Amino acid sequence: MTHSAPLPPGLDEAAHRCLVAGFTGTTTVPDSLKRLIDQGLGGVILFTRNVRDAQQVRQLTDALRALRPDLIVAIDNEGGGIGHLVTAGAPDVPGSFALGVADDPALTARCADALAGHLATLGITASYAPVADLQNHPRNPIVRTRSFGAEPALAARHLRAWIAATERRGVASCAKHFPGHGGTETDSHHGIAVDPRSYDELRADLEPFRAAVDAGVPMLMSAHVVFPALDPERPATLSRRILGDLLRHELDFDGVLVSDALEMKAIADRYGEAAGARIALAAGADQVIVAVPDLEVTLACRDAVLGALRSGVLAEERLWEAAGRVRRLAGRYAATDGAVDGWDARAGLEAARRAVRSGPVPAAVRGAHVVDLFPPPHPALNWGGEDLLSEVRAVDPAATGTAVAGESAEVTAVVDGILRASGGAPLVVATCDAGLHPWQERLRAALLARRPDAVRVDTGLPEGGALCSYGRGRVNLRAVAEVLAGG
C-alpha cells in the first residue's frame, strides 16, 4: 500500500481522536488548532500560559467546545505547589504526601472535591491527577511529595477517596504514572529513567494502580520509564508488554490510557515525538499528549500516525479501539451548563495543619529571621510563587527573612550576609529536599555551625528531626508558619 492511499472512512478522524494538544492563547483559539478540532482532535491540555482568571478560562473552554462539544479539555491539577490555576482562584490544597501523612481519606476526598468543583466551574472536565506512584527511592527527583507515600495500602485508600470525589463532580480523574515512577533516580522530563528492580519488587508499586482500576478510574497515564524486569527494551509508554499484557490483561483496565507528554526527553531524545506517538498507540495507548504549544509538533505526530496506518505498520483495529475509548470518555464527561455546588475551601489548610502537627513541634519563635533554601522551580511543574517567608509574615509581621533559590559559590559570604541581616533574632533554616541538592546541605551546615540554636524546617520530604511541611504548596507553608509563630 502506498503512503498516499486513502484511509477507510472515519479512520482519519479516529487518528485525530488519539491526540491531545497543547497550544498558546487565552481568549482566541489558533486557526491551526481549529482545523485539528474540525478533523476530530480528541483533546487539549491547558497550562499556565492559557490562564489569566476564572472568567477568561471559562470563556476559553466554551469557545473550544463551540467548535466541537465532545472535545476533552484537560489540565494537570494535583494540588500542592503544582497547579496552573492560581490566578483563576484555585482552591489551596496540600500535595498528596501531606494528605497521606494526615491519613484521613475523608479529608483527602474533601480536598479532591474542592479541586474538581473548581474545574467544573471552569468547564475543564479531565484532570491528570492523582499521582499513584509510590515514593520509594530516596533520590527520586520527580515524584516525592506528589505521592501519597511509600506504603501501597495507604496510597490505595487515598487514591480511592480522590477518584470517587472527582467522579461525583463529573470530572475525569487520571491515575499516573503507570506502572510507577517512584523507583527511579532520573526525571523522565530530562532523560531515560530506569527502574532496575525485579518483578517481585515492582509488584508493590502496582497495588495503587490496581486499586485505582478497581475504583473505576476512567484514565491512566503511562510512565516514560524503562523496567528491565517487564520489558528490557522500551519505556512503559512504548511497551506492548506493559500496556497490553500487564495493564489491559492482568489489571483488566478498559478505560483511556494516555501517554505522558511526548516532548519529554525520555521519548523525544531517543525516539522523537512523531515516532513516539506511532509506537505508543501501537503498544496500547489510546491518546498521546503533545503538551508543547508548537502545533507543528502535534501535526508531525498526527502525520506519523496516518502514515503508519496507510503502510500497515499500525493496525487499523488498534486505532478504532483507541478512538472508541476516547469517544466514550468524552461522552461521559461532557461539560454541563448547570450550576456547580460549592466546596469546602478550608479542607486544604486543615489537611496541611494535621500533617505538620503529626511530627515534633518546636516552641514558637516569633520575630524570627527565616532562611528559605529551595531549588529553582521545575520548568514542567508550574510554581505558583509560594514562599515560606510570605506565609510566616502573614501570621507574624515582625518576621524577616532571606530566600536562596540556587547554589552560590560563596557560601561563607552568604552565611555572613544572612547572620548580619538576622541580628539577634531567632533563626529558622528551611531546606527543600536538601539530600538532592548538596548546596542546601552545605549552607544549612554552615548556618547551624554559627547558630546551633536555629530551628530547622523541611519543606520537602522529611530528613530527620525537623519541623516538616511535606510540600511547598501555599497551605503547606502556611501550616508551618503557624507552628513557628505559635498560632
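In this report, we go over the structure that sits alongside the text. (Residues numbered from 1 in each chain as written. Predicted model: local features only at pLDDT ≥ 70, side-chain atom pairs only at ≥ 80, totals over all residues. Heavy atoms only, no water.)

**Remarks on the packing of aromatic side chains**
Aromatic rings considered in pairs are described by the distance between their centres and by the relative angle of their planes.
Right, on to step 1. Taken as a whole and judged by the stated rule, the model has 3 aromatic pairs.
Right, on to step 2. Ring centres of Phe148 and Trp162 lie 6.3 Å apart, and the angle between their planes is 70°; on these two criteria the pair is classed as edge-to-face. You can see Phe148 sitting in the loop between strand E4 (126-127) and helix H6 (152-168) and its partner Trp162 sitting in helix H6, a full 14 residues away along the chain. We note that Phe148, like Trp162, is buried.
Right, on to step 3. Its guanidinium or amino end placed over the ring of Phe374, Arg472 lies 4.4 Å from that ring's centre, counting from NZ or CZ. (Phe/Tyr/Trp six-rings, centres within 6.5 Å; stacked < 30°, edge-to-face > 60°. Helix = DSSP H or I, 4+ residues; strand = E, 2+ residues; numbered from the N terminus. Buried < 20%, exposed > 50% of the residue type's maximum accessible area, 1.4 Å probe, protein only. Lys NZ or Arg CZ within 6 Å of the ring centre and 35° of its normal.)

**Regarding the pairing of strand E5 (residues 174-178)**
Right, on to step 1. Among the 5 residues in E5, 5 count as buried, and that is most of the element.
Right, on to step 2. In terms of strand pairing, E5 meets strand E7 (residues 219-222) through 4 bridges, oriented parallel. Bridge pairing in E7 links Phe178 to Ser222. (Pairing = 2+ DSSP bridges.)

**Structural notes on the environment of His118**
Right, on to step 1. Here His118 shows up in helix H5 (residues 105-122).
Right, on to step 2. The buried category is assigned to His118, whose relative accessible area is 4%.
Right, on to step 3. As for His118 and Val256, which are separated by 138 residues in sequence, their C-alpha atoms are 23 Å apart.
Right, on to step 4. Among residues more than four places away in sequence, those in contact with His118 are Leu85, Ala88, Gly89, Ala90, Pro91 and Trp343. (Contact = heavy atoms within 4.5 Å.)

**Concerning the nonpolar core**
Right, on to step 1. The biggest cluster of nonpolar side chains holds 95 residues, and the ones touching the most others in it are Leu33, Leu64, Ile124, Leu220 and Leu309.
Right, on to step 2. Apart from the residues lying within four places of it in its own chain, the contact partners of Leu64 are Phe23, Val29, Leu33, Ile37, Val44, Leu71 and Val73.
Right, on to step 3. Grouped together as the second largest cluster of nonpolar side chains are 22 residues, Ala368, Ala399, Val457 and Val483 included. (Core = buried A, V, L, I, M, F, W, Y, C linked by side-chain atoms within 4.5 Å.)

**Remarks on helix H10 (residues 273-283)**
Right, on to step 1. Regarding H10, the residues found buried are Ala275, Gly276, Ala277, Ile279, Ala280, Leu281 and Ala283.
Right, on to step 2. Contact partners of the buried residues in H10: helix H8 (240-250), helix H9 (265-268), strand E10 (288-290), helix H11 (295-311) and helix H12 (316-332).

**Overview of the sheet that holds strand E11 (residues 369-373)**
Right, on to step 1. Taken together, the 5 strands give an open sheet; going across it, the order is E12-E11-E13-E14-E15, and neighbouring strands pair in parallel fashion. Because the sheet does not close on itself, it has two edges, and the strands there are strand E12 (400-404) and strand E15 (467-468).
Right, on to step 2. Here E11 pairs with strand E13 (residues 427-431) via 4 bridges, running parallel. Paired with His369 across the bridge in E13 is Leu427.
Right, on to step 3. Against the sheet, helix H15 (residues 411-422) contacts E11, E12 and E13, and its axis sits at roughly 150° relative to E11. (Axes fitted to C-alpha atoms, helices over the stretch in contact; angles between N-to-C directions.)

**Thoughts on the packing of helix H2 (residues 31-38) against H11**
Right, on to step 1. As a packed pair, H2 and H11 sit with axes 10 Å apart at the nearest point and diverge in direction by 30°. Considering the angle they form, H2 stands roughly parallel to H11. In the packing of H2 onto H11, the handedness of the crossing is left-handed. Residues Ser32, Leu33 and Leu36 of H2 form the contact with H11, whose participating residues are Leu295, Thr298, Leu299 and Arg302.
Right, on to step 2. Residue composition of the contact of H2 with H11, grouped by class: 4 nonpolar, 2 polar and 1 charged. (Parallel < 35°, antiparallel > 145°, perpendicular 65-115°, else oblique. Left-handed = near helix turned anticlockwise from the far one by under 90°. Nonpolar A, V, L, I, M, F, W, Y, C, P; charged D, E, K, R; others polar.)

**Overview of the side chain of Arg318**
Right, on to step 1. Structurally, the position occupied by Arg318 is in helix H12.
Right, on to step 2. A distance of 2.8 Å separates polar atoms of two side chains, one belonging to Arg318 and the other to Glu321.
Right, on to step 3. Setting aside residues no more than four positions away along its own chain, Arg318 makes contact with Leu281, Ala282, Gly284, Ala285, Asp286 and Arg325. (Polar contact = N/O pair within 3.5 Å; in protein donor to acceptor, adjacent residues only side chain to side chain.)

**Observations regarding unusual backbone geometry**
Right, on to step 1. Residue Pro130 is reached from Ala129 by a cis peptide bond, and omega for that bond is 10°.
Right, on to step 2. Mapped onto the fold, Pro130 is located in the loop between E4 and H6.
Right, on to step 3. With omega at 0°, the peptide bond leading from Phe178 into Pro179 counts as cis.
Right, on to step 4. At Arg144, a position not held by glycine, the phi torsion is positive, near 50°.
Right, on to step 5. The topology assignment puts Arg144 in the loop between E4 and H6.
Right, on to step 6. Not every positive phi belongs to a glycine, and Tyr470 is a case in point at roughly 60°.

**Brief notes about the sheet that holds strand E2 (residues 43-46)**
Right, on to step 1. The sheet built from 5 strands is open, its strands ordered E4-E3-E2-E1-E10 with parallel pairing. The open sheet is flanked by E4 and E10, the only strands paired with a single partner.
Right, on to step 2. Contacting strand E1 (19-21) and E10, H11 crosses the sheet at an angle of about 175° to E1.

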